[in-house]
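Close look at the chain arrangement
Each chain is listed here by its residues.
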Amino acid sequence: MSDLLDDDRSDAPLSRMFSPAQLLSDLRTYYLLLVLLIVVGLGAVIAYTLVAAPVYTATAIVGPADISDEPLSDMGGGLSGGLGGIAKHLHVGGALGQQGGSDPFDEYTALLTSNRLASRLIRQDHILPEIFWTAWDTGQNRWLARNDFLSRNVDQLKLLLRRPLKGAPDEEDLEKYFKKNLLVDSSLETSFATISFRFHSREGAVRLLGLILREADNIIREDKRRDVEARIGYLNTALVHLALADQKPELIAILSEQEQEMMMIESDHLYASKLIDAPFAPLTPTSPSPIIDGLIAMGLACVGWFAIIRMVPAGSWLAGFVGAFATGKRRRKHDRLTHTAPGFHDDPLAGALPIQAVLDGPAGRDGTPRGTPGKGRA
């Protein structure tokens, strides 16, 4: 603590510097400085709120779809031997009391931020211009050329560092964008997941989140359709060449189960997931948030005020600036330390006419000034 800011506590222990009484005393003395810092912080928040682009967050709740092999669950261990191997090969062991495959909902949540989904959205839905709208020329319907001064220097630096140059955003950039702005919050207590997506417009956030959820489900649907079609073809061929007639009923049961699954794939609106709550974005943007940002600015102002009061070295220009905000006896001490020493021009009698007797010295016995010849000695 400098002598200017704290005249009687410069050698105080650290515990005393952080005591409530000491803090209250400093607050009474330097409250004007705290007010200034808060006003500056709130002004910066207001300026940022006016110039920053709003960000909206759309959320949706999804859960696993009701996909089961219940039509064959009562068969128990009726299928064994060769048909058990066929069932294992076709990944339908869940219906036969064997080890089933992976959960489609887990695959669904993993796909949401994958490169595979990003490539599909680019190839089929053409969302790159909407996502990276700042780099897209809507009038010319093309990407903006990177011919400005900053872009040219950045590209030259990338060449020196042997980094690839990109003339336009691609699926890698979209995947990074999803990992930053698409959040998947899976509940530990339930099987539901909350999906959030941040975007610069409210309508775009809702539409793009719905598109992402639907395309991720379609990827799993197409994979499952391809697998089931292959299984049905295999089972039809196996029925034709099956030599043991007593195994045909069990094989026909597996084929029937696969045909039912194909029916669900083709008819269900969503295959791997179930939409619990549709995508929705509130009217109020999530960023910038004036209230939260204002509270943060006030907190930083208080921390900065405390650091200035405690750590400003004595004799520095900042100590003089802080001392100007002091009130009470410390303000009087600050004025005393910064006041110029009085000189002759500060003398209230400096403008008076000189007294000749005082300038010439004391008078003699005869009343004449010393140093001049008296009348009696003439």
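Let us look at the structure shown here. (Residues numbered from 1 in each chain as written. Predicted model: local features only at pLDDT ≥ 70, side-chain atom pairs only at ≥ 80, totals over all residues. Heavy atoms only, no water.)

Quick word on the overall build of the chain
Counting its secondary structure elements, the chain contains 15 helices and six strands. Expressed as a percentage of its 378 residues, the buried residues of the chain come to 32%. In the chain, once contacts between residues fewer than 6 apart in sequence are set aside, the share between residues at least 24 apart is 74%. (Helix = DSSP H or I, 4+ residues; strand = E, 2+ residues; numbered from the N terminus. Buried < 20%, exposed > 50% of the residue type's maximum accessible area, 1.4 Å probe, protein only. Contact = heavy atoms within 4.5 Å.)

What to know about helix α12 (residues 290–311)
Spanning 22 residues, α12 covers 31 Å between terminal C-alpha atoms, matching the ideal 32 Å at 1.5 Å per step. Every buried residue belonging to α12 is among Gly-294, Ala-297, Ala-301, Trp-305, Ile-309 and Arg-310, and all of these are buried. (Expected span 1.5 Å × (residues − 1).)

Section: the sheet that holds strand β4 (residues 182–186)
Pairing within the open sheet is antiparallel, and its four strands lie in the order β4-β5-β1-β6. Sheet topology places β4 and β6 (273–280) at the edges, where each strand pairs with a single neighbour. Here the average twist between neighbouring strands, direction ignored, is 20 degrees. Packed on one face of the sheet, helix α9 (residues 171–181) meets β4 and β5 (193–199) and runs near 115 degrees to β5. (Pairing = 2+ DSSP bridges. Axes fitted to C-alpha atoms, helices over the stretch in contact; angles between N-to-C directions.)

Details of the pairing of β5
Counted residue by residue, β5 has five buried out of seven residues, so it is predominantly covered. When strand β1 (residues 56–64) meets β5, the two strands line up antiparallel, connected through seven bridges. Bridge pairing links Ala-60 to Ile-195 in β5. Pairing geometry for β4 and β5, over five bridges, is antiparallel. What sits directly across from Leu-182, in β5, is Phe-197. Turn length for the β4-β5 hairpin, with the two strands adjacent in sequence and antiparallel, is six residues.

Some remarks on the side chain of Glu-261
You can see Glu-261 is positioned in helix α11 (residues 248–267). For Glu-261, the side chain forms a polar contact with the side chain of Tyr-271, separated by 3.4 Å. Not counting chain neighbours up to four residues away, the residues in contact with Glu-261 comprise Lys-224, Val-228, Arg-231 and Tyr-271. (Polar contact = N/O pair within 3.5 Å; in protein donor to acceptor, adjacent residues only side chain to side chain.)

Observations concerning the nonpolar core
Across soluble globular proteins, nonpolar side chains show a tendency to be buried alongside one another. By size, the foremost hydrophobic cluster in this structure holds 45 residues, and its most contacted members are Tyr-108, Ile-131, Leu-174, Phe-178 and Phe-197. Breaking this core down by element, the ones donating at least two residues are β1, α5 (104–111), α6 (115–125), α7 (128–131), α9, β5, α10 (202–241) and α11. Take this core: its biggest share by element is 14 residues, from α10. Other than its neighbours up to four places away in sequence, Tyr-108 contacts Val-62, Leu-213, Ala-216, Asp-217, Ile-220, Ala-272 and Ser-273. Counting residues in each nonpolar core, the second largest holds twelve residues, with Leu-34, Ile-38, Val-312 and Phe-325 among its members. (Core = buried A, V, L, I, M, F, W, Y, C linked by side-chain atoms within 4.5 Å.)

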